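Structural features, examined
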Amino acid sequence: MKVLIVGSGGREHAIAASVAKSKKVDEIYCAPGNAGIGKIARCVPIGPMEFDKITAFAKEKEIGLTIVGMDDPLVGGLVDQLEKEGLRAFGPRKNAAILEGSKAFSKELMKKYHIPTADYEVFSSPEEALSYLEKAKFPIVLKADGLALGKGVLICEDFQQAKEGVKAIMEDKQFGSAGNRLVVEEFITGREVSVLSYVDGRTIKAMASAQDHKRAQDGDLGPNTGGMGTFSPSPFYTEEVDKFCREHIYQPTVDAMAAEGREYKGIIFFGLMLTGNGPKVLEYNARFGDPEAQVVLPRMKNDIIDVMEACIDGRLHEIDLQFEENAAVCVVLASQGYPVKYEKGYVIKGLERFEGQDSYFCFHAGTKETDQGIVTNGGRVLGITAKGKDLKQARANAYAAAGWVDFENKYMRHDIGKAIEEV
Ligand code: AMP
Ligand code: GLY
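None of these values were measured; they are calculated from a predicted model. (Residues numbered from 1 in each chain as written. Chains lettered and ligands numbered in written order. Predicted model: local features only at pLDDT ≥ 70, side-chain atom pairs only at ≥ 80, totals over all residues. Heavy atoms only, no water.)

A closer look at the overall build of the protein chain
- When its secondary structure is counted, the protein chain shows 12 helices and 22 strands.
- Against the globule reference of 22 Å for 423 residues, the protein chain gives a C-alpha radius of gyration of 21 Å, in line with a compact fold.
- Along the three orthogonal principal directions, the C-alpha set of the protein chain runs to about 60 × 45 × 45 Å.
- Across the 423 residues that make up the protein chain, the buried fraction comes to 58%.
- By sequence separation, contacts in the protein chain at least 24 residues apart represent 68% of the contacts at least 6 residues apart.
- Summing over all exposed atoms, the protein chain offers an accessible surface of approximately 17,900 Å²; the carbon and sulfur share of this is 47%. (Helix = DSSP H or I, 4+ residues; strand = E, 2+ residues; numbered from the N terminus. Rg over C-alpha atoms; globule rule 2.2 N^0.38 Å. Buried < 20%, exposed > 50% of the residue type's maximum accessible area, 1.4 Å probe, protein only. Contact = heavy atoms within 4.5 Å. Areas by Shrake-Rupley, 256 points an atom, 1.4 Å probe, with all protein chains shown as cover.)

As structure tokens, this is what we get:
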């Protein structure tokens, strides 16, 4: 079978690496891909939102399965378009991807179906939002309704900050039309866990848990980023938590979507907070996490194509989803200054150290092939993942491997997975 992957980040590289292990796959294409993906797939210069070109390419090459890795094309309806042309695609259709595409939708769904989440209100006008915020308890959380590259969430300590936040999101439209509506949410505290799951419309199977580190600097300081590192499994995600989530969050979410006439097939990513009052949903995503995929997929024992096809065909109950009894840690190597301002175009040295390794992975995010070799081409450059028998070992291995590569302005956090030492 020929497989096409849509996207260009570390997540898509991790997906491509899993697809490359499948016995069913002869050829992998990626649109648009990056320098690392280019080593295992044929990269084609088509953007993720160029639906007509993607569809035409998939038809022409007789692609057996298109895997949509990114949120924008899912929310925009790429899967619908591919299916309309008789092509097979993995990911939710537009009417289901709204679970990520609109926070107001997902909050209303959780309220209606009693899925635990923080209390909230939705506003369509800045005046209404402000008059509510004048009387609100602080800190409080403001969220742009739509997709905002993970940056549309503001935690406000007082009314003044909230006022500025409302202005930025709803009036200045810092996140574009994502800010047409505003979700104002109760501030809750606890450990965060990411759980990715496969869904076939009715059945849901959760993958191994993971934890992301969203802030740019050690000690969870600095601005929010796309994610500076991850580990899997999360020692805080106990069997008891898992049981609660399966009963009260995972299956109810899939059932709620079906009851709303929005059958969900693909990945649901549950961003959870383990609060004193039990686990609550912070957010849903309609895709693998980045960099969660980089620690979860290398531990998955199943053939990923078998699992994805079972989701499409409504046979997920037949799959015995299995993960290795080990751990993995991913340390992101970024460009100094990310996420605010950074330079690109520096040659990356040492990449060959990862060739032929089976416990160490160098997933490319922002890289580009040039005449000088592979160069940095983004804020997040590489995701260095290592496995180990436990989290401590995986962490030591990942940091050792993070030293194998070098480029000018290389920056990383040094405390990825440090929290596990408290357990
Ligand atoms: P989200 O994109 O919704 O996951 O939000 C980004 C980050 O903001 C989360 O990973 C949390 O650290 C934080 N956050 C979101 N919602 C809340 C909330 N209701 N209370 C406290 N922190 C939150
Ligand atoms: N790592 C968080 C995300 O992918 O949204």
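That covers the picture; the talk isn't over yet.
Structural notes on the sheet that holds strand β8 (residues 153-156)
- Spatial ordering of the open sheet is given by β6-β9-β7-β8, a layout of 4 strands whose pairing is antiparallel. The open sheet terminates on both sides in strands that have one partner only, identified here as β6 (120-123) and β8. The average undirected angle you get between the axes of adjacent strands in this sheet is 20°.
- Relative to β8, strand β7 (residues 140-144) runs antiparallel, the two sharing 4 bridges. When the bridges of β8 are listed, Ile140 appears paired with Cys156.
- In the packing of helix α6 (residues 103-112) onto the sheet, the strands contacted are β6, β7, β8 and β9 (182-186), and the crossing angle to β6 comes to about 140°. (Pairing = 2+ DSSP bridges. Axes fitted to C-alpha atoms, helices over the stretch in contact; angles between N-to-C directions.)

Quick word on the environment of Tyr411
- Relative to the elements of secondary structure, Tyr411 occurs in strand β22 (residues 410-411).
- Judged by relative accessible area, Tyr411 falls into the buried class, the value being 18%.
- When the C-alpha atoms of Tyr411 and Val381 are compared, they prove to be 9.6 Å apart, with 30 residues separating the residues in sequence.
- If near-sequence neighbours (up to four positions away) are discounted, Tyr411 is found in contact with Ala216, Gln217, Met228, Val332, Leu333, Ala334, Ser335 and Gln336.
- In this structure the side chain of Tyr411 is engaged in a polar contact, spanning 2.8 Å, whose partner is the backbone oxygen of Ala216. (Polar contact = N/O pair within 3.5 Å; in protein donor to acceptor, adjacent residues only side chain to side chain.)

A short note on the site of ligand 1
- In the region of ligand 1, 14 residues are neighbours, and Glu185, Glu186, Ile188, Glu192 and Glu283 sit closest.
- Here Lys103 contributes a side-chain N or O atom positioned 3.4 Å from an oxygen atom of ligand 1.
- For ligand 1, whose free accessible area comes to 470 Å², the fraction covered by protein is 92%.
- Breaking the shell around ligand 1 down by element, the ones donating at least two residues are β7, β8, β9 and β16 (278-285). (Near = heavy atom within 4 Å.)

Some thoughts on the site of ligand 2
- Around ligand 2 sit Asp212, Gly226, Phe269, Asn285, Arg287, Gly289, Asp290, Pro291 and Glu292, and that is every residue in its neighbourhood.
- At a separation of 2.8 Å, a nitrogen atom of ligand 2 approaches a polar side-chain atom of Asp212.
- Asp290 places a polar main-chain atom, nitrogen or oxygen, 2.9 Å from an oxygen atom of ligand 2.
- Along the lines of polarity and charge, the residues of the shell around ligand 2 split into 2 nonpolar, 3 polar and 4 charged. (Nonpolar A, V, L, I, M, F, W, Y, C, P; charged D, E, K, R; others polar.)

Topic: the pattern of salt bridges
- Tallying each qualifying case throughout the model produces 28 salt bridges.
- Notably, a salt bridge pairs Arg11 with Glu12, separated by 3.0 Å at the nearest N-O pair. Here the two residues Arg11 and Glu12 agree in accessibility, since each one is buried.
- Residues Arg181 and Asp145 are paired through a salt bridge, measuring 3.8 Å at the closest nitrogen-oxygen approach. One end of the pair, Arg181, is in the loop between α8 (159-171) and β9; the other, Asp145, is in the loop between β7 and β8, with 36 residues separating them in the sequence.
- What makes Arg181 partly exposed here is its relative accessible area of 32%.
- By sharing partners, the salt bridges in this structure join Lys24, Arg88, Asp306, Glu309, Asp313, Arg315 and Glu318 into a single network. (Salt bridge = Lys/Arg side-chain N within 4 Å of Asp/Glu carboxyl O.)

Observations concerning α6
- Counted residue by residue, α6 has 7 buried out of 10 residues, so it is predominantly covered.
- Residues of α6 that are buried: Lys103, Ala104, Phe105, Ser106, Lys107, Leu109 and Met110.
- Capping the start of α6, Ser102 holds a side-chain oxygen 3.4 Å from the backbone nitrogen of Ala104, two or three residues further along.

A few points about the pairing of strand β13 (residues 221-224)
- Looking at chain direction, strand β12 (residues 215-217) and β13 are connected through 2 bridges and run antiparallel. Across the sheet, the residue bridging to Arg215 is Asn224, located in β13.
- The loop that links β12 with its antiparallel partner β13 comprises 3 residues; one of these, Gly219, has a positive phi angle of about 75°.

What to know about the side chain of Asp290
- Mapped onto the elements of the fold, Asp290 is located in the loop between β16 and α10 (293-296).
- Only 3.4 Å separates the side chain of Asp290 from the backbone nitrogen of Arg11, close enough to count as a polar contact.
- Within the local environment of Asp290, its side chain forms a polar contact with the side chain of Gln294, the two groups lying 2.9 Å apart.
- Leave out the neighbours within four places in its chain, and Asp290 touches Gly9, Gly10, Arg11, Gly226 and Arg380.

Things to note about a nonpolar patch on the surface
- Taken together, Val153, Ile155 and Phe187 make up a surface patch of nonpolar side chains, about 220 Å² in accessible area.
- Among the secondary structure elements, Ile155 is positioned in strand β8.
- Residue class for Ile155 comes out partly exposed when judged on its relative accessible area of 46%. (Patch = residues over 30% accessible without salt bridge, like charges linked within 9 Å, V, L, I, M, F, W, Y side chains within 5 Å.)

Thoughts on unusual backbone geometry
- Here Ala31 and Pro32 are connected by a cis peptide whose omega angle stands at -5°.
- Positionally, Pro32 belongs in strand β2 (residues 27-32).
- Look at the link from Phe138 to Pro139: it is a cis peptide, with omega at -5°.
- Residue position: Pro139 is located in the loop between α7 (126-134) and β7.
- Although it is not a glycine, His114 sits at a positive phi angle of roughly 55°.
- Even without being glycine, Asp220 reaches a positive phi, approximately 55°.
- Tracing the chain through its elements places Asp220 in the loop between β12 and β13.
- With relative accessibility at 43%, the residue Asp220 sits in the partly exposed group.

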